[in-house]
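# Overview (structure and organization)
Below are the chains, spelled out letter by letter.
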Amino acid sequence: MPNNGETNVQGTQPTSAGAAASSFERLAHQMQDVLGDGGILKQVVQPGEGPLIPQKASVLMHYSAYLESSSRPFESNTYMKHPNIMKLGRDVTLAGLELGLLTMKKGEFSRFLFWPQYAYGEMGCPPLIPPASIILYEVEVLDFLDSDMDEFVSLSPEEQNSASLPTLIKVVDTLREFGNRRFRQRNFFNAKGCYKQATTLLANRETQSDAERKEIRASQLLLYLNLSLTELRLDSPQKALKHANNALEIDPSNTKALFRGGQAYAELGDYERAQDCLILAQARKPFDTNINNLLKTVAFWLKDSQDKERDMCRKMFKDLRGL
């Protein structure tokens, strides 16, 4: 297990007399030894906060990887505003990078030098990585999630039901957080997948007590609200309405559920029901700008629709009288 980078540099190869130190060698003398064998060196540029990243975490990070012979990275994701979440032990395949991440905290920006045994080995990865290359990584940890989610999801339904409720809720909360991150990235389809997976886990739970049922319904409420909004973003108002109604079955006076229902009805062209939902939502939050603005818009659409219907009826009646 790596420490947090407090050990001084050990094991770096000294520059021979009269030879100019390379850029990586100069950098190495400013760094700290992570493992004690000189194979992973670290320099903290910007400290982070909170606990260290745990072994089973999923990490959100920006990184760039460099060879000493080039000032441009051979690998980087810094161009991505919303980088993919990477699971340690699965998505992070470079040994040095995974061990280095375990020494980092949220918000931290650090540089690492990885000797070949912790990078691409003596063979390298031709033609991109030469043999026995030392690799520089610059890493910024944006956030991470600590969860045994993957292990839990892979269990059979019977094994999942035998797990404690707190374990289930922790997995569900993590799935919802993954969905929220994807939603913020405007990746609505994958966000929906996370929310649906979480609702399935909750639906399959064989509850034993009123307290368990109450806690499960509280988690389901959050997921139905998220699903309703996601379906609206996916232009599926009928599905959005279904999830809003599911939320209202749990909490009939929930303002968000009423608002989502109003949005869905409005997109379906059912302005009367949209208005009914929004009036109920407004009664609970009379100064909510979003509710009030949509209510005004729906009232305009409803009047316009009624006016057009009356005009059509007059025209039909006039045509009938002319027969």
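See the structure printed just above.
Counting restarts for each chain: residues are numbered from 1 in the order of the written sequence. Local features are withheld for residues below a pLDDT of 70 in this predicted model, meaning they are given only at 70 or higher, and side-chain atom pairs are given and counted only at 80 or more; totals for whole chains, interfaces and linings count all residues. Think of the side-chain values as coming from all heavy atoms in the structure, minus any hydrogens and water.

## With respect to the overall build of the chain
Here is the rule: Numbering of helices and strands runs from the N terminus, with a helix taken as a DSSP run of H or I at least four residues long and a strand as a DSSP run of E at least two residues long. Think of it in three bands: with a 1.4 Å probe and only protein chains considered, a residue is buried below 20% of the maximum accessible area for its type, exposed above 50%, and partly exposed in between. Any two residues having at least one pair of non-hydrogen atoms within 4.5 Å are treated as being in contact.
Each helix and strand in the chain was counted, giving eleven helices and nine strands. Here the chain holds 323 residues, and 42% of them are scored as buried. For the chain, the proportion of contacts with a sequence separation of at least 24, taken over those separated by at least 6, is 65%.

## Observations regarding the packing of aromatic side chains
Short version of the rule: Aromatic rings from Phe, Tyr and Trp, taking only the six-membered ring of Trp, are treated as a pair when their centres fall within 6.5 Å; an angle between ring planes under 30 degrees marks them as stacked, one over 60 as edge-to-face, and anything in between as tilted.
A complete count under the given rule lists six aromatic pairs for this structure. Judged by centre distance (6.3 Å) and plane angle (70°), the ring pair of phenylalanine 74 and tyrosine 120 falls under edge-to-face. You can see phenylalanine 74 sitting in the loop between strand S4 (57-67) and strand S5 (75-76) and its partner tyrosine 120 sitting in the loop between strand S8 (109-114) and strand S9 (135-146), a full 46 residues away along the chain. Centroid distance tyrosine 271 to tryptophan 301: 5.6 Å. Interplanar angle 45°. Geometry classified as tilted.

## Some remarks on helix H6 (residues 188-203)
Quick reminder of the rule: What a helix is expected to span follows from its residue count: subtract one and scale by 1.5 Å.
Taking 1.5 Å of rise per residue, the 16 residues of H6 would be expected to cover 22 Å, and the 22 Å separating its terminal C-alpha atoms lies within 8% of that figure. Along H6, the residues classified as buried are Phe188, Ala191, Lys192, Cys194, Tyr195, Ala198, Thr199, Leu201 and Leu202. Packing partners of the buried residues in H6 comprise helix H3 (149-153), helix H4 (157-162), helix H5 (165-184), helix H7 (210-233) and helix H8 (237-250).

## Brief notes about the packing of H8 against helix H9 (residues 255-267)
The test is simple: Every axis in this analysis is a line fitted to C-alpha atoms, fitted for helices over the stretch in contact. Angles between the N-to-C directions lie between 0 and 180 degrees. With respect to orientation, any angle under 35 degrees is reported as roughly parallel, any angle over 145 as roughly antiparallel, any angle of 65 to 115 as roughly perpendicular, and every other angle as oblique. Left-handed describes a crossing in which the near helix is turned anticlockwise from the far one by less than a right angle; the clockwise case is right-handed. Under the scheme applied here, ten amino acids are nonpolar (Ala, Val, Leu, Ile, Met, Phe, Trp, Tyr, Cys and Pro), four are charged (Asp, Glu, Lys and Arg), and all others, including Gly, are polar.
At a minimum axis distance of 8 Å, the contact between H8 and H9 shows a crossing angle of 155°. Classified by the interaxial angle, the pair formed by H8 and H9 is roughly antiparallel. The crossing of H8 and H9 is left-handed. Contact with H8, carried on its side by Pro237, Ala240, Leu241, Ala244, Ala247 and Leu248, involves Ala257, Leu258, Arg260, Gly261, Ala264, Tyr265 and Glu267 of H9 and no other residues of that element. Considered class by class, the residues forming the contact of H8 with H9 number ten nonpolar, one polar and two charged.

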